[in-house]
Amino acid sequence: MEKYKKGNFKGKINSSGQIALDTYKLEIISDLQGAKPGQFISVLCPEKTFRRPFSISNFDSKKHLLTILFKLKGDGTNYLKNLKKGDDIEFSAPLGNGFELLNKNSLLVGAGIGIAPMLFLKKELDSNNIKNYLMGGFKSKEEVIEGSDETVIGGSVLDNIEKIIDEKQIEIIYSCGPLIVLKLLSQIAKKKNIPSYLAMERVMACSLGVCRGCVIKLLKNNEEQNASVCKDGPVFLGSEIIWN
Amino acid sequence: MELKIKTTLINKKTNNSISFKTPIITASGTYGYNNEFEDFIDLDFLGAISTKGITLEKRLGNEGERIFELKGGMINRIGLENVGIEAFIKDKLPLLKEKNIDFLLNIAGSSIDDYIKLASCADENNIKALEVNVSCPNVSHGCLEFGLNPDILHELTLKIRKNYGGFLIVKLSPNTSDIKPLALACEEGGADCISAINTLRGLGINVQYENNKFYKKSVEGGVSGSLIKPSALYMIKQIKQVVSIPVIGMGGILTLDDLFEFIYAGADAFEIGTANFMKPSLASDLAKELNEFIIKNEFKNFDDLKERIRND
């Protein structure tokens, strides 16, 4: 897959709005040339020491339009929420490794706001004619973000997942969501003997791989090693992650 | 753009010196080993980078949470995760040379012997400038122990000096009640320059009340960012009262005004650390801003500006 030029970008808000409970969507016009699903941007938020990372939820290369979704959490997301059409926004992008698209029958699992990169991945899989099935899991009806093939409300998005893997003859799993969901999914993938590619989340300082603030542990070739979520990730092979 | 901010740091006792395109250096641990920021900064306006702190052996760093955001700064307890000197020389150094990036090799040890080996290795590889970290608060032994006792620091500096012929910078810790004897120990031990300050010890705590229960998170480590600027300015002024070697100032630099304040306190060049996280292009942005200020206000050069700030 082609690589897109990384850098700092000064964009403008094209649209902003609420799409679910405490959940917002921002469209940004900038010179960013493109991005892979699973990659993210890190946004400069006034007065905050760390830029805030957001998965790219869509990229429209004709309009140079990038979409992020976010859930209100603190000062950073409150700043973003208040941005209006035409406002400036400064960010670095596209960051991280992103998902590799493989020509395999794919199951996508987006838990909560973790659906954001899954929507982008689904779009790319569709346009490459790769068979896929996206499941979105949300705590309540009010929190549902549209776009999934199947939406699970309340309970766990993983409750029927093994049945779905069998029925749909799934060969690969992609997911983003809370740590516990990713951990359980990696165990399910192992049991089913299929690979899982999981987008991890950590508080980041530099977001470029240098400060080593967001490292997780991987087991690769029987050797324990550090990997930065921001640069080596955020996407990791589930079987290599050492879960605490 | 004409560059008027070329900076030369000179140890007037020995005439040992080093020159940079600009006086702005990116601080150790905030910029990686070589070209990681290439896409995010204008390298033509970067004075130098201080590399990630290098130890003799590779280190994986600390377990658990490593960073904690504060209003106006952060706390880190990375624990010197790095590739080790051998891998640095083999894998990182060639790219620094190829890209023509000026750098300070930042080193840290857990024994005097470690520092001697690292310094000798830097010497053998013709590394022009060494920044000796005797002030990392985040490793269980070594490092900071050398930085807080003037006698040990003097001995350490002497021994490094014996084994290293390039420009020798010692990076001091603010975690002391009196920084002056430490600065003197460096100068008398043969250091060409002092950089200050490293992070201040601190504790970040976050307490949340949810579902009838308190959830707590705490990170103990080194505090950096604009909230430590007054301490940095104070320490630099103290250092300058007792030594004549140049000082590279750091601790919360974010704006052109900050540069002026650091110059007035006694800094001859600057390092930018935490602010790189906020804005990866800040080091080159500030260098441009400084250069434009000098041109617009018709100062001869950066040295002239420094004189004027100190003497007007």
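Owing to the predicted nature of the structure, the values given are computational and were not obtained by experimental measurement. (Residues numbered from 1 in each chain as written. Chains lettered and ligands numbered in written order. Predicted model: local features only at pLDDT ≥ 70, side-chain atom pairs only at ≥ 80, totals over all residues. Heavy atoms only, no water.)

Draft legend 1. Quick look at the domain arrangement of chain A. All names here are of chain A. Along its sequence, chain A is carved into domain 1 (7–95) and domain 2 (106–240). When domain 1 packs against domain 2, close to 1,900 Å² is buried across both sides, 67% of that on carbon and sulfur atoms. Put simply, E143 and K71 hold a salt bridge, and the shortest N to O gap is 2.5 Å. The interface formed by domain 1 and domain 2 includes 9 residue pairs in polar contact (both at pLDDT 80 or more). (Domains from an automatic or database assignment. Buried area = accessible area lost by both parts, 1.4 Å probe. Salt bridge = Lys/Arg side-chain N within 4 Å of Asp/Glu carboxyl O. Polar contact = N/O pair within 3.5 Å; in protein donor to acceptor, adjacent residues only side chain to side chain.)

Draft legend 2. View of helix α4 (residues 179–192) of chain A. Residue and element names in this part refer to chain A. Here α4 spans 20 Å end to end across 14 residues, near enough to the 20 Å set by a 1.5 Å rise per residue. Those residues of α4 that sit buried are V181, L182, L185, S186, I188 and A189. One side of α4 carries all its buried residues, which in axial view fall inside an arc of 165°. In α4, the exposed residues that point more than 90 degrees away from the buried face are L179, I180, K190 and K191. Of the residues flanking the end of α4, it is N193, one or two places downstream, whose phi is positive at about 60°. (Helix = DSSP H or I, 4+ residues; strand = E, 2+ residues; numbered from the N terminus. Expected span 1.5 Å × (residues − 1). Buried < 20%, exposed > 50% of the residue type's maximum accessible area, 1.4 Å probe, protein only. Arc of directions from axis to C-beta.)

Draft legend 3. Local environment of the nonpolar core. In terms of nonpolar packing, the biggest core is built from 106 residues, with B:F88, B:L105, B:L130 and B:L172 touching the most fellow members. Looking at which element gives the most residues to this core, the answer is helix α2 (residues 112–124) of chain B, with 7 residues. Within the second largest apolar cluster, 22 residues are counted, among which are A:I13, A:L32, A:F70 and A:I89. (Core = buried A, V, L, I, M, F, W, Y, C linked by side-chain atoms within 4.5 Å.)

Draft legend 4. Representation of the pattern of salt bridges within the structure. On inspection of all chains with the given rule, the structure shows 31 salt bridges over all chains. Across the salt bridge formed by A:R52 and B:E69, the nearest N and O atoms sit 2.8 Å from each other. Of this pair, A:R52 sits in strand β4 (residues 52–60) while B:E69 is found in strand β5 (residues 67–70), placing the two residues in two different chains. Overall, the relative accessible area of 18% leaves A:R52 in the buried class. For B:E69, a relative accessible area of 24% translates into the label partly exposed. For B:E261, the salt bridge identified is with B:K229, shortest N-O distance 2.7 Å. Pair noted here: B:E261 is in helix α7 (residues 256–265) and B:K229 is in helix α6 (residues 229–242), with a separation of 32 residues, a long-range link. Residue classification places B:E261 among the partly exposed positions, given a relative accessible area of 33%.

Draft legend 5. Molecular detail of the environment of B:I67. Relative to the assigned elements, B:I67 resides in strand β5. Taking relative accessible area as the criterion, B:I67 reaches 3% and is therefore assigned buried. Separated by 155 residues in the primary sequence, B:I67 and B:G222 place their C-alpha atoms 9.5 Å from one another. Residues in contact with B:I67, not counting those within four places in the same chain, are A:F50, A:V203, A:M204, A:A205, A:G213, B:M74, B:I75, B:N76, B:I78 and B:V219. (Contact = heavy atoms within 4.5 Å.)

Draft legend 6. Quick peek at the interface of chain B and chain A. With 31 residues of chain B in contact, the opposing surface of chain A contributes 28 residues. Both faces combined, the contact of chain B with chain A buries some 2,500 Å², and carbon together with sulfur accounts for 57% of it. The largest per-residue losses of area from chain B upon contact with chain A belong to B:F40, B:E69 and B:F277, which jointly make up 26% of the total buried on that side. The interface formed by chain B and chain A includes 5 salt bridges.

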